[in-house]
Amino acid sequence: MTDYLAITSDQIKKAGAALKKLRPTYLDLLDYYQQIFVAQEDSKSQLKIEPIKIGAEILAVKKNDKFPLITISEFVFDKNAAATLLKKICQITEAANEEMAAPARAIRKAIASEVLDPGAVFSNLLNADDTFFNKVESELNIGEKTLSLLAYNSLKPSLMHCALQLTSYLDEDDVWEKGYCPICGSTPAFSMFEDEGQRFLICSFCWQRWSAPRIYCPFCDNKDSKTLHYLYSDQEKDYRIDVCDSCKTYIKAVDTRKADRIIYPPLEFVATLHLDIKAQEMSFKSGIPLELQ
Ligand SMILES: [Zn+2]
Ligand SMILES: [Zn+2]
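Residues numbered from 1 in each chain as written. Chains lettered and ligands numbered in written order. Predicted model: local features only at pLDDT ≥ 70, side-chain atom pairs only at ≥ 80, totals over all residues. Heavy atoms only, no water.

A. Summary view of the coordination of the zinc ion (ligand 1). Note on the zinc ion (ligand 1): its protein donors are Cys181 (SG), Cys184 (SG), Cys203 (SG) and Cys206 (SG). The metal-donor distances range over 2.3 to 2.4 Å. In this structure, the zinc ion (ligand 1) is coordinated by four donor atoms arranged in tetrahedral fashion, with angles at the metal of 99 to 120°. Mapped onto the sequence, the residues coordinating the zinc ion (ligand 1) show the spacing C-x2-C-x18-C-x2-C. Of this pair, Cys184 sits in the loop between α8 (144-166) and β1 (188-193) while Cys203 sits in strand β2 (residues 199-203), and the two are 19 residues apart along the sequence. (Donors = N, O, S within 2.8 Å, 3.2 Å for Na, K, Ca; no water. Tetrahedral: all angles 85-135°; square planar, octahedral: opposite > 155°, others 65-115°. Helix = DSSP H or I, 4+ residues; strand = E, 2+ residues; numbered from the N terminus.)

B. Structural detail: the environment of Met282. Tracing the sequence through the fold places Met282 in the loop between α10 (273-281) and β7 (285-286). Accessibility expressed as a relative area gives 40% for Met282, which makes it partly exposed. A sequence separation of 34 residues divides Met282 from Lys248, and the C-alpha atoms of the two residues are 9.5 Å apart. (Buried < 20%, exposed > 50% of the residue type's maximum accessible area, 1.4 Å probe, protein only.)

C. A look at the coordination of the zinc ion (ligand 2). Donor atoms from the polypeptide that bind the zinc ion (ligand 2) are Cys217 (SG), Cys220 (SG), Cys244 (SG) and Cys247 (SG), placed at 2.3 to 2.4 Å. Classification of the site at the zinc ion (ligand 2) as tetrahedral follows from its four donor atoms and the range of 106 to 112° in their angles at the metal. Read from N- to C-terminus, the donor residues coordinating the zinc ion (ligand 2) fall into the pattern C-x2-C-x23-C-x2-C. Of the two residues, Cys220 sits in the loop between β3 (209-212) and β4 (228-233) while Cys247 sits in the loop between β5 (236-244) and β6 (249-255), which places them 27 residues apart along the sequence. Residue Cys247 is classed as buried on the basis of its relative accessible area, which comes to 16%.

D. Examining the pairing of β4 more closely. Bridge count for β4 against β5 is five bridges, and the pairing is antiparallel. Looking at the pairing, Leu228 lines up with Cys244 of β5. (Pairing = 2+ DSSP bridges.)

E. How the structure looks around empty space enclosed by the protein. Counting across every chain of the model gives one cavity of 30 Å³ or more. Here the largest cavity is characterised by a volume of approximately 40 Å³. Ala189, Phe219, Tyr250, Ile251, Lys252, Phe269, Asp276, Ser286, Gly287 and Ile288 together form the lining of the largest cavity. Per-element accounting of the lining of the largest cavity gives the leading share, three residues, to β6. Along the lines of polarity and charge, the residues of the lining of the largest cavity split into six nonpolar, two polar and two charged. (1 Å grid on protein atoms, 1.4 Å probe; cavity = no way out; pocket = protein on both sides within 12 Å on 5 of 7 lines; lining within 4 Å. Points joined across faces, edges and corners; volume = space filled by probe spheres on them. Nonpolar A, V, L, I, M, F, W, Y, C, P; charged D, E, K, R; others polar.)

F. Representation of the pairing of β5 in the model. Of all the nine residues making up β5, eight are buried; the element is thus mostly covered by neighbouring parts of the structure. Counted along the chain from β4 to the antiparallel partner β5, the turn is two residues long. The pairing of β5 with β6 spans six bridges and is classified as antiparallel. Residue Asp242 lies in a different strand from β6, and its bridge partner there is Ile251. Following β5, the chain reverses through four residues before pairing antiparallel with β6; Lys248 in that reversal takes a positive phi of roughly 55°.

G. The arrangement of helix α7 (residues 130-140) in detail. When we look at burial in α7, the residues that qualify are Phe132, Phe133 and Val136. Along the axis of α7, the buried residues cluster in a sector spanning 95°; they form a single face. Exposed residues pointing more than 90 degrees away from the buried face of α7 are listed as Thr131, Lys135 and Ser138. Each element contacted by the buried residues of α7 is listed here: α6 (118-126) and α8. Among the residues of α7, the N-terminal cap falls to Asp129, whose side-chain oxygen and the backbone nitrogen of Thr131 are separated by 2.9 Å. Just past α7, the residue Asn141 takes up positive phi, approximately 60°. (Arc of directions from axis to C-beta. Contact = heavy atoms within 4.5 Å. Polar contact = N/O pair within 3.5 Å; in protein donor to acceptor, adjacent residues only side chain to side chain.)

H. View of the nonpolar core. Of all hydrophobic cores here, the largest spans 86 residues; its most connected members are Phe75, Leu116 and Ile183. Setting aside residues no more than four positions away along its own chain, Phe75 makes contact with Ile52, Ile70, Leu126, Leu159, Cys162, Ala163, Ile183, Cys184, Phe205 and Cys206. (Core = buried A, V, L, I, M, F, W, Y, C linked by side-chain atoms within 4.5 Å.)

I. Focus on the pattern of salt bridges. Inspection of the entire model under this criterion finds 17 salt bridges. Ionic pairing is found between Lys135 and Glu139, a salt bridge with its closest N-O pair at 3.9 Å. Residue Lys135 and its partner Glu139 are located together in helix α7, separated by four residues, close to a single helical turn. Here Lys135 and Glu139 have matching classes, each one exposed. The shortest N-O distance in the salt bridge between Asp255 and Lys258 comes to 3.7 Å. Taken together, the shared-partner salt bridges connect Arg23, Glu236, Asp238, Arg261 and Glu268 into one network. (Salt bridge = Lys/Arg side-chain N within 4 Å of Asp/Glu carboxyl O.)

Right, here's the structure in full:
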């Protein structure tokens, strides 16, 4: 199986082509996101980022108390690479996403005319500074939601790079029985079942994955098999929705043993919006923070 953290842009294209054949209703959406994910992958080779260092004492405390290694504001990023990618993602959006084309053009023009500093956008995104985004919205008429989404996607190669580097501080044998990412503390966006049914949760922010118990709700730590089950359809044997009756939250999952294609979780996430609708119709809520949905 292809490790999605070491995937190439060609493999993303293949994964996208296979998914488009399987789920033609998502053709336009997959086309759009595939271009973004390929651009992200291509930009990884240009990244210049100093490793994040964690001192031995702090590391010992974090491990003992099961704290994540860093907070979101501690991620470092390559400003130039992220700014170049933001320009590219704006161009992709202008051409392929009707709904966001106008704000994407406004962002690109504001950056080109130097009224918007991409470095400030990235820093304020990581620091969750709403004041900055409100100011941009009132002064430049660029909505926070689109700006955050496009900026986040431009930062993602840096975030994934940092997350991968930080895994060197984690012990492979340590079981992380927590519902939040061991790297950055965010909730999982997606889940994967692999060979022999091993379950992994994938971070909604840095996209690192961690091994998790099969019968476990990451949103309320529930381990009671009586209140944990999953929804499943014979038409889509490769997907399931794990639901928790205790906190009424769900998480989508791909079962790689039942999928005969390259799996790239961010694409699978996009091609399963119907599962979100299904779960929400049954009164389950998503566990992903609103701004990342
Ligand atoms: Zn994370
Ligand atoms: Zn729960």
